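Observations on the model geometry
Chain residues, written in single-letter form:
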Amino acid sequence: MTAPRALPAPHACPLDLGGRTALVTGAAGGIGRACALRLAAAGAKVRAVDRDASGLEALAEQGRDLAGTVEPHVLDLTDLDAAELAAAGTDVLVNNAGLQLVRPIEEFPPDVFHTVLTVMLEAPFRLIRGALPHMYGQGWGRIVNVSSVHGLRASAYKSAYVAAKHGLEGLSKTTALEGAPHGVTSNCVNPAYVRTPLVEKQLADQAQAHGIPEERVLSEVLLQDSAVKRLIEPEEVAEAVAYLCAPQASFVTGTSLVLDGGWTAH
């Protein structure tokens, strides 16, 4: 895989988050890093949440000269009480953190299934729960849940991930219905495979599960159902997140913004 390519600045969605506080989970790399930098560039004070302390330090250094700030917040999202507390006072919440294991159901470790659901579904619930009182109090808030094409379609060997993302879709819609009278929107962003370490790390697992060489996984598994035969860049997902935080998207809530290269057109 080639190195990620940042989108040129002229294509950025106009967005001013000056004076706003944003929280991004899984911010040390991939989509989360791109989202944290994008929101900080728009002037937000970003709480960058991850359990990877060194990755957060590198992110903070990268964001040093942006209009807003990036503040590292080391946190393991399996500590649900701490997650809820961390979300207090936030104006923008981006639930992004995730993990993946590719195994047939009969071989899938129950403890890993539990951890995936905790980090990718229960933690977003607790973060939303922690963020809503402040959002409701000021009559404005933006919740963006980084879902996946797997929130809309299933793939074999990903029982925990697919279950978590489908659950996140329902949580997001419920939040939208409850938040609408208070000026709070809640939406999902649904990318197909993104050029991230999470995707790169699953190539060997996918090869074993499907019984093919690792070099064939990208074309024959990951991109098989996509009409656009490339991986999405993290910056493209971050731009969709930025749009959902912009004034132009104030009427967009309870829906899924699909960035799947035509996958769900089948």
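See the structure printed just above.
Residues numbered from 1 in each chain as written. Predicted model: local features only at pLDDT ≥ 70, side-chain atom pairs only at ≥ 80, totals over all residues. Heavy atoms only, no water.

What follows deals with the sheet that holds strand β3 (residues 69–74). In space, the seven strands of this open sheet follow the order β3-β2-β1-β4-β5-β6-β7, with parallel pairing throughout. Strand pairing shows two members of the sheet lacking a second neighbour, β3 and β7 (256–259), which therefore form its edges. When strand polarity is set aside, the average angle formed by the axes of neighbouring strands in this sheet is 15°. Pairing between strand β1 (residues 21–25) and strand β4 (residues 92–95): three bridges, direction parallel. Bridge pairing links Ala22 to Val92 in β4. Its contacts with the sheet put helix α2 (residues 53–62) on β2 (45–50) and β3, and the angle it makes with β3 is roughly 175°. Relative to strand β6 (residues 184–191), helix α5 (residues 159–179) is tilted by about 155°, and along the sheet it contacts β5 (141–146), β6 and β7. (Pairing = 2+ DSSP bridges. Helix = DSSP H or I, 4+ residues; strand = E, 2+ residues; numbered from the N terminus. Axes fitted to C-alpha atoms, helices over the stretch in contact; angles between N-to-C directions. Contact = heavy atoms within 4.5 Å.)

Before going further, it helps to spend a moment on empty space enclosed by the protein. Applying the stated rule across the entire model yields one cavity of 30 Å³ or more. Put simply, the largest cavity is a space of about 60 Å³. Broken down by secondary-structure element, the contributors of at least two residues to the lining of the largest cavity are α4 (110–138) and α5. Along the lines of polarity and charge, the residues of the lining of the largest cavity split into nine nonpolar, three polar and one charged. (1 Å grid on protein atoms, 1.4 Å probe; cavity = no way out; pocket = protein on both sides within 12 Å on 5 of 7 lines; lining within 4 Å. Points joined across faces, edges and corners; volume = space filled by probe spheres on them. Nonpolar A, V, L, I, M, F, W, Y, C, P; charged D, E, K, R; others polar.)

Going through the model one piece at a time under the given rule, you end up with two aromatic pairs. The interplanar angle of 85° and the centroid separation of 6.2 Å between the aromatic rings of Phe108 and Phe113 together place this pair among those described as edge-to-face. Classification of Phe113 as partly exposed rests on a relative accessible area of 32%. Over the face of the ring belonging to Trp140 we find Arg20, whose NZ or CZ atom lies 3.8 Å from the ring centre. (Phe/Tyr/Trp six-rings, centres within 6.5 Å; stacked < 30°, edge-to-face > 60°. Buried < 20%, exposed > 50% of the residue type's maximum accessible area, 1.4 Å probe, protein only. Lys NZ or Arg CZ within 6 Å of the ring centre and 35° of its normal.)

Before going further, it helps to spend a moment on the pairing of β2. When β1 meets β2, the two strands line up parallel, connected through five bridges. Across the sheet, Ala22 pairs through a bridge with Val46, a residue of β2. As a crossover connection, the stretch from β1 through helix α1 (residues 30–41) into β2 is right-handed. Bridge count between β2 and β3: six bridges; the pairing is parallel. Residue pairing in the sheet places Arg47 in a bridge with Glu71 of β3. Regarding topology, α2 serves as the crossover connection from β2 to the parallel β3, and that connection is right-handed. (Right-handed = clockwise from strand over helix to strand, strands pointing away.)

Let's shift gears to the layout of surface pockets. Estimates place the volume of the largest pocket at around 1,000 Å³. The wall of the largest pocket is formed by 44 residues, among which Asn96, Ala97, Gly98, Leu99 and Leu198 lie closest to the centre. The set of elements that each furnish at least two residues to the lining of the largest pocket consists of α1, β2, α4, α5 and α6 (197–201). Per element, the largest residue contribution to the lining of the largest pocket is four residues, and it comes from α6. Among the residues forming the lining of the largest pocket, the class breakdown is 22 nonpolar, 14 polar and eight charged.

Where α4 contacts α5, the axes come no closer than 8 Å and their chain directions differ by 15°. When the axes of α4 and α5 are compared, the pair comes out roughly parallel. Where α4 crosses over α5, the two elements pack in a sense that is right-handed. Where α4 approaches α5, its residues Phe113, Val116, Leu117, Met120, Leu121, Pro124, Phe125, Ile128 and Tyr136 are matched on the opposing element by Ser159, Ala160, Tyr161, Ala163, Ala164, Lys165, Gly167, Leu168, Leu171, Thr175, Glu178 and Gly179. (Parallel < 35°, antiparallel > 145°, perpendicular 65-115°, else oblique. Left-handed = near helix turned anticlockwise from the far one by under 90°.)

On to the pattern of salt bridges. This structure, assessed with the given rule, holds eight salt bridges. Taking the shortest distance from any N to any O, the salt bridge between Arg126 and Asp81 comes out at 2.5 Å. Of this pair, Arg126 sits in helix α4 while Asp81 sits in helix α3 (residues 80–86); the two residues are 45 residues apart in sequence, bridging distant segments of the chain. With a relative accessible area of 52%, Asp81 lands in the exposed category. One salt-bridge network, held together by shared partners, links Asp81, Glu84, Arg126 and Arg129. (Salt bridge = Lys/Arg side-chain N within 4 Å of Asp/Glu carboxyl O.)

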